[in-house]
Amino acid sequence: MALNKISFVRGSAGLGRPLPGKDHISGMLFYSDTLPSGFGTSDRIKKIFSLDEAVALGITDQHISETVATGSVEITGVGSDGDTIEIKVLSPIGSVSLGTYTKVASDTTVTNVADAIELIINAGTATHGFSCSNIAGVITINAAAGSGVFYNSGTPISTVIVGTIAATIVQFSGGIASPIDPLHYHIKEYFRLQPKGVLYVGIYAVPGGAYDFAEATTIRIFANGEIRQMGVYSPAATFNAALTTALHTEVVKSEEADAPFGAILTPNIKGTALSALPTLATVSNYRVSIDIAQDGNNKGLELYNAAGVSIGTMGALLGVVSFAAVNECIAWVGKFNISDGNELETIAFSNGVLYKDQAQSLLDTLNDYKYIFIRGFANKSGSYFNDSHTCIANTSDFAYIENVRTMDKAIRGIQENSLEKLNSPLQLNTNGTLQEDDIAEFERL
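Worth saying up front: this structure is predicted, and the values here are computed from it rather than measured. (Residues numbered from 1 in each chain as written. Predicted model: local features only at pLDDT ≥ 70, side-chain atom pairs only at ≥ 80, totals over all residues. Heavy atoms only, no water.)

1. Quick look at the pattern of salt bridges
For the structure on display, the rule yields 13 salt bridges. One salt bridge connects E226 with K47, and the closest N-O pair in it is separated by 3.8 Å. Taken together, the residues E226 in the loop between helix 5 (214–222) and strand 11 (229–238) and K47 in strand 2 (residues 45–48) connect sequence positions 179 residues apart. Between K253 and E250 there is a salt bridge, with its nearest N and O atoms 3.1 Å apart. (Salt bridge = Lys/Arg side-chain N within 4 Å of Asp/Glu carboxyl O. Helix = DSSP H or I, 4+ residues; strand = E, 2+ residues; numbered from the N terminus.)

2. Some remarks on helix 2 (residues 110–123)
With 14 residues, helix 2 should cover 20 Å at 1.5 Å per step; its first-to-last C-alpha distance of 20 Å lies within 8% of that length. Considered for burial, the residues of helix 2 that qualify are V113, A114, A116, I117 and I121. Mapping the buried residues of helix 2 onto a view down its axis gives an arc of 160°, with all of them on the same face. Exposed side of helix 2, more than 90 degrees from the buried face: L119 and A123 are the residues found there. (Expected span 1.5 Å × (residues − 1). Buried < 20%, exposed > 50% of the residue type's maximum accessible area, 1.4 Å probe, protein only. Arc of directions from axis to C-beta.)

3. What about the side chain of H389?
The topology assignment puts H389 in the loop between strand 18 (380–385) and helix 11 (401–418). Of note is the side chain of H389, whose polar atom sits 2.9 Å from the side chain of N367. In this structure H389 touches S289, N367, K370, Y371, I372, N394, A399, Y400 and I401, once residues within four positions along its chain are discounted. (Polar contact = N/O pair within 3.5 Å; in protein donor to acceptor, adjacent residues only side chain to side chain. Contact = heavy atoms within 4.5 Å.)

4. Overview of helix 4 (residues 181–193)
For helix 4, with 13 residues, the first-to-last C-alpha span of 19 Å sits near the 18 Å given by 1.5 Å per residue. Burial of helix 4 is extensive: 11 of the 13 residues sit out of reach of the surface. Burial in helix 4 covers these residues: D181, P182, L183, H184, Y185, H186, I187, E189, Y190, F191 and L193.

5. Side note on the packing of aromatic side chains
If you walk through the whole model with that rule in mind, you get 17 aromatic pairs. Between Y31 and F213, the ring centres sit 6.3 Å apart and the planes meet at 65°, which makes this aromatic pair edge-to-face. Here the residue Y31 occupies a position in strand 1 (residues 25–31), and F213 occupies one in the loop between strand 10 (198–204) and helix 5, the gap between them amounting to 182 residues. For Y31, a relative accessible area of 5% puts it in the buried group. Ring-pair connections join several aromatic residues into one group, and the members of that group are F130, F150, Y151 and F172. In this structure, K370 packs its charged tip against the face of Y400, placed 5.6 Å from the ring centre. (Phe/Tyr/Trp six-rings, centres within 6.5 Å; stacked < 30°, edge-to-face > 60°. Lys NZ or Arg CZ within 6 Å of the ring centre and 35° of its normal.)

6. A closer look at the environment of T313
You can see T313 is positioned in the loop between helix 8 (299–307) and helix 9 (314–323). Not counting residues within four places of it along the chain, the set of residues in contact with T313 comprises H186, T266, D291, A293, Q294, D295, L344, I374 and F385. Of note is the side chain of T313, whose polar atom sits 2.8 Å from the side chain of D291.

7. Observations regarding the sheet that holds strand 4 (residues 84–91)
The strand order 5-4-8 describes an open sheet built from 3 strands, whose pairing is antiparallel. Each edge of the open sheet is held by one strand with a lone partner, namely strand 5 (94–102) and strand 8 (157–162). Taken pair by pair, the neighbouring strands of this sheet meet at an average axis angle of 20°, ignoring direction. Pairing between strand 4 and strand 8: 6 bridges, direction antiparallel. (Pairing = 2+ DSSP bridges. Axes fitted to C-alpha atoms, helices over the stretch in contact; angles between N-to-C directions.)

8. Here's the deal with the packing of helix 4 against helix 9
Interhelical geometry of helix 4 versus helix 9 gives an angle of 30° and a closest axis separation of 7 Å. Taken together, the axes of helix 4 and helix 9 lie roughly parallel to each other. Crossing of helix 4 against helix 9: the hand is right-handed. On helix 9, the residues touching H186, E189, Y190 and L193 of helix 4 are M314, G315, A316, L318, G319, V320, S322 and F323. A breakdown of the residues in the contact of helix 4 with helix 9 according to their chemical character gives 7 nonpolar, 4 polar and 1 charged. (Parallel < 35°, antiparallel > 145°, perpendicular 65-115°, else oblique. Left-handed = near helix turned anticlockwise from the far one by under 90°. Nonpolar A, V, L, I, M, F, W, Y, C, P; charged D, E, K, R; others polar.)

9. A short note on the sheet that holds strand 6 (residues 131–135)
Strand-to-strand pairing in sheets goes through backbone hydrogen bonds, with the strands running parallel or antiparallel. Spatial strand order, 6-7-3-9: 4 strands in an open sheet with antiparallel pairing. With one partner strand each, in any of the chains shown, strand 6 and strand 9 (166–173) form the two edges of the open sheet. Each strand of the sheet is rotated relative to its neighbour by a mean of 20°, with strand direction disregarded. Sheet analysis places strand 3 (residues 70–77) next to strand 7 (residues 138–142), joined by 5 bridges and oriented antiparallel. Bridged to E74 within strand 7 is V138. Against the sheet, helix 2 touches strand 3, strand 6 and strand 7, its axis set at about 165° to strand 6.

See the structure below:
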């Protein structure tokens, strides 16, 4: 029998070694009037290497600055012993019972009945998420955390009464979504699809007027020109083609600064029919791509319902771009499945409609119009981007993200190799032309 000893099993792929080069370095520009705890009005940009670092800076999914909606059920008649009242709430996943109360002899006043109902509802909070309080028979119900604006409309509260118990309902109102939850989501999705990514995160106040996206340049300068691609999430901006021009006008300045990058914009298309979206093939904004995809049955949908605006897939899309080699199309089915089996497994658009419910002719039109969305295949599991469009005609040399990235990398490399020759002396032939040695050297560079 061998002597006892401590054995070690050597693993691999767990060190998170940094990637070579800078093609994976990305930026995210968010617009929010609420700043996470790790940011300040004079400290709006952070460089992070993981989701954990974002959480440490206060970018969490714990519904920071949310105001939950409140409604009420007022008991106006105690009924007879044995009568029942069940309170229900219509949620995104269907009708949820908050509990059923049965009248007993000791409950002789509306306050007694409401107190008993309060105990029943609060006992189930861990299951259904709702809580309540009672004052003089008026049961104030607090919506589940994370529901944001979802319950503000419609008639989600209902009662089922057997007997003569009487109640008056006041529907939910006042819900305000957390502005931080979507930021956490997009950063989480980025690192899910590019675990070794480097991310510069900038958070700026929602503009009072039109977006000019000047903050993209501020982030690029902060990053010393390292950023190769940037995601922009602007949920307050209802989409129109002019947004792509405004963003491109700002981002193209990076070329003049010898620090080029491309931008992915997730705008708000909630309430906009897909058939009403304008074509982007007639503009010349090759540094901008428009994301109109969204999760249809998991966290993305939950946030969409809570926020009441498009959530999109900016984080996932930016992560795939960051992960891909500069020459690779992000729609490569063999390499870029973006579903994890839950998130983005059910495919939707960022106006809330499902991919499977759309006519093929409409999907073809959206593709021709140069939008990026997610598609599925009948004989293959997973979810995949439809293409890698930029906002310019397909006939352009820069019609796809990989075209722009490849040219940017070539220019950066050539500049790095040849910059030392800037303003260097040249020997000329007697006729004023360059000498052969100098010509050969510039060709080599």
